[in-house]
Amino acid sequence: MCLAIPMELKTRDELEGVVELDGVRRTVSLMLLPDAEVGQHLLIHAGYAIGAVDAEEAARTLELLREYADAMEAL
Amino acid sequence: MRPGLPDHLLLAHGAGGRLTRELVEGTFLPALDNQFLRPLSDAAVLPELPAGRPALTTDAFVVDPPIFPGGTLGHLSICGTVNDLSMAGARPLWLTWALILEEGAPGELIRTCVDGARQAACEAGVQVVAGDTKVVPRGKGDRIYAVSTGLGVVPPDRDIGDHRMQEGDVILASGPLGDHGATIMACRHDLGSETLQSDCAPLAGLVEALLSSGVDVHSLHDPTRGGLVAVTNEAAGRSGLRQSLDERSIPLRAEVRAVCEVLGLDPLGLASEGRLIAWVAQDHGTRALDALRAHPLGLGAAIVGRVEALPAGGSPVILTTSVGGTRPLDLLSGSDLPRIC
Amino acid sequence: MLNDAKAVAGLLDHIRREAAELEGRLTIMEVCGTHTHSVAAAGLRRMLPPTVRLISGPGCPVCVTPVDYLDRALALAELPATVVCTFGDLVRVPSSTCSLELARARGAAIEVVYSPRDALALARRQPETRVIFLAVGFETTVPTVAAALAEAESNGVRNLLILPGNKVMPPPMRALADDPELNVDGFLLPGHVSVITGWQAFSFLADTHGVAGVVVGFTPTDVLAGVLHLIRERRAGRVSVSNLYGRAVTAEGNRAALGLVERLFEPTDASWRGFGVIPGSGLALRPAWHHRDASAINVDLPPPREPVGCRCGDVLRGAIDPPECPLFGAACTPSEPQGACMVSSEGTCAAWHRHEMHATEPSAAGQGRSAWS
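Residues numbered from 1 in each chain as written. Chains lettered and ligands numbered in written order. Predicted model: local features only at pLDDT ≥ 70, side-chain atom pairs only at ≥ 80, totals over all residues. Heavy atoms only, no water.

Peer 1: Lay out the overall build of chain A with the relevant residues and their values.
Peer 2: The number of helices and strands found in chain A is one helix and five strands. Partitioning the contacts of chain A with sequence separation of at least 6, the portion at a separation of at least 24 is 30%. As displayed, chain A offers around 3500 Å² of accessible surface, 49% of which is attributable to carbon and sulfur atoms. (Helix = DSSP H or I, 4+ residues; strand = E, 2+ residues; numbered from the N terminus. Contact = heavy atoms within 4.5 Å. Areas by Shrake-Rupley, 256 points an atom, 1.4 Å probe, with all protein chains shown as cover.)

So this is what it looks like as structure tokens:
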């Protein structure tokens, strides 16, 4: 129900931030994520950052899924 | 400021008197000048048509914003009409250009659009031979609307259309899709991008290159309003044949994908204004690809699908998804609104 | 990479082999319109083996918005010096009279916005106009509404109001988990709701109702990983709620967002289209925020009218498949929707009409044959 896209925080000015995905930028509110840091990937929903995407966790998920794929290949 | 070009348009600029004449002779005529337009008479009397069947098309242009990265309403209004003729296999010759302007519209905006039209006509090798200008009161229009009618000729040896489509035909796209639509949506929703711009371009040259390469071209369509989804559904409807597309092969720029993700849009439903979709004979796919890619407007061409028989009760347009599933592609019901869900 | 065909193929292979060792059929319910959408967009449902049944619950906030909410929104739009702002998702939903889209074409003051901030910006630009935002959506969206109202309050923008219509997931999920007809074995839990609430907000499913749940993201790989997880849990005889969207979802969620929502809103009973009233499932503005509440404005409402024969409610509960509704595909189609399940692109009926109507022919992928051979 909730379209939220990960976009990188490029700059911030108090509670306003500029986020980017593949060269496309938009201004969003950081009211719901006041501690967001430049360089973080933020989930953007309806013009607000609602959460951060953890790069390490993302990598771990990828590993897990590669395992599934490899296991199939090994058969 | 050029004589005849006001800061802001008045109703009097459309009244047919002195101001109208100043506008037409000071701004429109110098930009679009040719022997048929110059007399500014009631109708342009043209030479006899070259051999073949005449083709006629008309289009209205109301794009908002009228100036966008990569183009203007003026440029678009010429390209759109030229491209409709090209898709029928016609060589575009002569266009009309009628403007409905809004009282208060900035003169600079008009000039930029006129320049765009001039540039497009020059690129396309066509002449604008007749025009009209009306001005409506403030609030009754949206700065500038344009209507263009185009006349061309289909050479005697040519027969392009959905009636020629056959099972086994290869479907190609001449380049990445949705650039124009994504650019407009980005403008409307305050999304910035350094690289995203409209793909608006006249396609007559690309079409001639394809046709003269010896490829057996059955049908051509430009995926404008409604995008690839619309043209394939229309083609399926007219031909009675299934259009089977492969999501992995459809070229899309990363910026276009990004705009679609952010706004919740389907890139396959976005307009392109400088691309064509071609249906060619089964064994001519690679030759068609090479012919397109050899032309500056076809550098990003790709084979995107195939025509198949339509099973009873089956979807007319089917997409093999990037993960190997399938889904039907049906016509968008309702306008292209960004989702939040 | 998370959209990777190879990863998907690997997961499907595991799913097929391990589901074959299950007793009976596994019923998995997703309760998020975006999950419905991404499953449909990738064509996943038909790639699953017949022993794994993926059904859609009431995860589409558009679909569960009751008729009288829309009637009230339309009535408010007719008031002088008033503009109603809405997410695009809502404009085609039929009310007792007509849709917001049709009303706008007839001259009603209705604006489509992408964010509650847009409504706030409009309120700033037009201080003489009362701007009413239709607050529809689940836990992901509520904080954005709260934030816009809080910003309006601290900046003295007095003319921004909302028509409260937000709902929360746990109450209907309790009912669905307990429904003996449905027999839900496990839930794919909404990834972005969980970003806000934290995944532990759903542990009640296992603790109190004995139903498994797993929070997943929205790519095909995420969804299939969740399906595989639930199969494995079932095979091991475990019932738990876990998190497979660790890159975005934590146990406690977004404290700042939750705190803001708590400040402005309180639980209330809410009506879900097709379900009736579910206690504590909605959010109302607290008394201190009464001046922002457009539901307090007096308007004349038409008698509520539901299309005769509409079975949206049963569809939303997952009790029937869309073709079992008498209106489906005949009086109710995506281009002429009667009920909310058909209007939204991720409504169960709309998704079914698009994909399952043509399920008579085997999918090329299902047969292991390339679509290009």
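Peer 1: Give me the lowdown on the overall build of chain C, citing residues and values where you can.
Peer 2: When its secondary structure is counted, chain C shows 15 helices and 11 strands. Whereas a compact globule of 373 residues would reach a radius of gyration of roughly 21 Å, chain C reaches 21 Å, a difference of no more than 12%. Scored against the burial criterion, the 373 residues of chain C give a buried share of 63%. Considering only residue pairs separated by 6 or more positions, chain C has 77% of its internal contacts joining residues 24 or more positions apart. Within the structure as shown, chain C displays about 13600 Å² of accessible surface, and the carbon and sulfur contribution to it stands at 51%. Taken together, the 33 basic and 38 acidic charged side chains of chain C have centroids lying 3 Å from each other. (Rg over C-alpha atoms; globule rule 2.2 N^0.38 Å. Buried < 20%, exposed > 50% of the residue type's maximum accessible area, 1.4 Å probe, protein only. Lys, Arg positive; Asp, Glu negative; His and termini not counted. Charge placed at Lys NZ, Arg CZ, Asp CG, Glu CD.)

Peer 1: Tell me about the packing of aromatic side chains, residues and numbers included.
Peer 2: In the structure shown here, the tally under the stated rule is six aromatic pairs over all chains. Lys167(C) extends its terminal NZ or CZ atom over the ring of Trp272(C), reaching a point 5.8 Å from the ring centre. (Phe/Tyr/Trp six-rings, centres within 6.5 Å; stacked < 30°, edge-to-face > 60°. Lys NZ or Arg CZ within 6 Å of the ring centre and 35° of its normal.)

Peer 1: Tell me about the packing of helix α1 (residues 5-19) of chain C against helix α11 (residues 220-235) of chain C, residues and numbers included.
Peer 2: All names here are of chain C. Interhelical geometry of α1 versus α11 gives an angle of 20° and a closest axis separation of 10 Å. As the angle between them shows, α1 and α11 are arranged roughly parallel. The handedness of the crossing between α1 and α11 is left-handed. For the pair α1 and α11, contact is made by Ala7, Val8, Leu11, Leu12, His14, Ile15, Glu18 and Ala19 and by Pro220, Thr221, Leu224, Ala225, Val227, Leu228, Ile231, Arg232 and Arg235, respectively. Residue composition of the contact of α1 with α11, grouped by class: 12 nonpolar, two polar and three charged. (Axes fitted to C-alpha atoms, helices over the stretch in contact; angles between N-to-C directions. Parallel < 35°, antiparallel > 145°, perpendicular 65-115°, else oblique. Left-handed = near helix turned anticlockwise from the far one by under 90°. Nonpolar A, V, L, I, M, F, W, Y, C, P; charged D, E, K, R; others polar.)

Peer 1: How would you sum up the interface of chain A and chain B? Please name residues and give values.
Peer 2: At the junction of the two partners, chain A supplies 12 residues and chain B supplies 17 residues. Between chain A and chain B, the buried area comes to about 1200 Å², and carbon and sulfur atoms account for 65% of it. Of all residues in chain A, the largest losses of buried area upon contact with chain B belong to Leu3(A), Val24(A) and Arg26(A), amounting jointly to 44% of the total for that side. At the surface where chain A touches chain B, the tally comes to one residue pair in polar contact (both at pLDDT 80 or more). Residue assignment for the side of chain A that touches chain B shows that the elements contributing at least two residues are β1 (5-13) and β3 (24-29) of chain A. (Buried area = accessible area lost by both parts, 1.4 Å probe. Polar contact = N/O pair within 3.5 Å; in protein donor to acceptor, adjacent residues only side chain to side chain.)

Peer 1: Go over the packing of helix α2 (residues 73-87) of chain B against helix α3 (residues 107-124) of chain B, please, and point to the residues and values.
Peer 2: Helix packing geometry: the angle between the two helix axes and the distance between the axes. Residue and element names in this part refer to chain B. One way to put it is that α2 packs onto α3 with a least axis distance of 6 Å and a crossing angle of 30°. In this view, α2 runs roughly parallel relative to α3, as classed from their interaxial angle. For the pair α2 and α3, the crossing hand works out as right-handed. Seen from α2, the contacting residues are Leu73, Gly74, His75, Ile78, Cys79 and Val82; seen from α3, they are Cys113, Gly116, Ala117, Gln119, Ala120, Ala121, Glu123 and Ala124. Residues of the contact of α2 with α3, tallied by class, amount to nine nonpolar, four polar and one charged.

Peer 1: With reference to specific residues and values, describe the nonpolar core.
Peer 2: Counting residues in each nonpolar core, the largest one holds 111 residues, and the members touching the most others are Leu100(C), Phe133(C), Met173(C), Phe187(C), Phe202(C), Leu205(C) and Phe265(C). With eight residues, helix α7 (residues 142-154) of chain C is the largest single contributor of residues to this core. In this structure, Phe202(C) is in contact with Met169(C), Met173(C), Leu189(C), Pro190(C), Val193(C), Ser194(C), Thr197(C) and Val241(C), ignoring residues within four places of it in sequence. In this structure, Leu5(B), Ile78(B), Leu109(B) and Val114(B) belong to the second largest nonpolar core, which totals 38 residues. (Core = buried A, V, L, I, M, F, W, Y, C linked by side-chain atoms within 4.5 Å.)

Peer 1: Residue-level account of the environment of Gly300(B), with values.
Peer 2: Residue and element names in this part refer to chain B. Structurally, Gly300 is set in the loop between α8 (285-293) and β12 (302-308). Taking the relative accessible area as the measure of exposure, Gly300 reaches 32% and is therefore partly exposed. Excluding residues that lie within four positions of it along the chain, Gly300 makes contacts with Ser174, Gly175, Pro176 and Pro251.

Peer 1: Tell me about α8(B), and please be specific about residues and values.
Peer 2: Residue and element names in this part refer to chain B. The set of residues buried in α8 consists of Gly285, Ala288, Leu289, Ala291 and Leu292. In a view along the axis of α8, the buried residues occupy a sector of 165°, so they form one face of it. Lining the buried residues of α8 we find β7 (170-173), α5 (204-211), β11 (277-280) and β12. (Arc of directions from axis to C-beta.)

Peer 1: Can you explain the interface of chain C and chain A? Please cite residues and give values.
Peer 2: Often, the extent of an interface is quoted as the loss of accessible area on bringing the components together. Each partner contributes residues to the interface: chain C has 49 residues there, and chain A has 35 residues. Here chain C is connected to chain A by one salt bridge. A salt bridge links Arg117(C) to Glu16(A), with the shortest nitrogen-to-oxygen separation between them at 2.1 Å. Across the chain C-chain A interface, the total number found is seven residue pairs in polar contact (both at pLDDT 80 or more). Listed by contribution, the elements that provide at least two residues to the side of chain C that touches chain A are α1, α2 (33-42), α6 (116-125), α7, α9 (191-197), α11 and α12 (255-264) of chain C. For the side of chain C that touches chain A, a count of residues per class yields 28 nonpolar, 14 polar and seven charged. (Salt bridge = Lys/Arg side-chain N within 4 Å of Asp/Glu carboxyl O.)

Peer 1: Describe helix α6 (residues 227-239) of chain B, listing the residues and the values that go with them.
Peer 2: All names here are of chain B. The terminal C-alpha atoms of α6 lie 18 Å apart, and with 13 residues this matches the ideal 18 Å at 1.5 Å per residue to within 8%. Turning to α6, its buried residues number three or more, namely Gly227, Leu228, Val229, Ala230, Val231, Thr232, Asn233, Ala235 and Ala236. For α6, the secondary structure elements touched by its buried residues are β9 (217-221), β10 (242-246), β11 and β13 (317-320). In the segment just after α6, Gly240 is the residue with positive phi, at about 75°. (Expected span 1.5 Å × (residues − 1).)

Peer 1: Give me the lowdown on the sheet that holds β11(B), citing residues and values where you can.
Peer 2: Residues and elements named next belong to chain B. Judged by pairing direction, the sheet is mixed, and its seven strands sit side by side in the order β9-β11-β7-β12-β10-β13-β14 without closing on themselves. This sheet does not close on itself; its edge strands, each paired only once, are β9 and β14 (326-328). Geometrically, the sheet is characterised by an average inter-axis angle of 25° between neighbouring strands, direction not taken into account. Each of β7, β11 and β12 touches α8; the most contacted strand, β7, lies at about 15° to it. (Pairing = 2+ DSSP bridges.)

Peer 1: Could you give an account of the environment of Ser193(B), naming the residues involved and the relevant values?
Peer 2: Relative to the helices and strands, Ser193(B) resides in strand β8 (residues 192-193). Spatially, the C-alpha atom of Ser193(B) lies 7.8 Å from that of Glu255(B), the residues being 62 residues apart in sequence. The residues touching Ser193(B), leaving out its near neighbours within four places in the chain, are Gly23(A), Val24(A) and Glu255(B). Separated by 3.3 Å, the side chain of Ser193(B) and the backbone nitrogen of Thr195(B) make a polar contact. Looking at Ser193(B), its side chain comes within polar contact range of the main-chain nitrogen of Leu196(B), at 3.0 Å.

Peer 1: Explain the pattern of salt bridges residue by residue, including any values.
Peer 2: The tally for this structure, following the rule as stated, stands at 31 salt bridges over all chains. The partner of Arg143(B) in a salt bridge is Asp142(B), and the shortest N-O contact between them spans 3.1 Å. One network of salt bridges, in which partners are shared, links Glu18(C), Glu21(C), Arg232(C) and Arg235(C).

So far we have only geometry, and geometry alone does not tell us how the molecule works.
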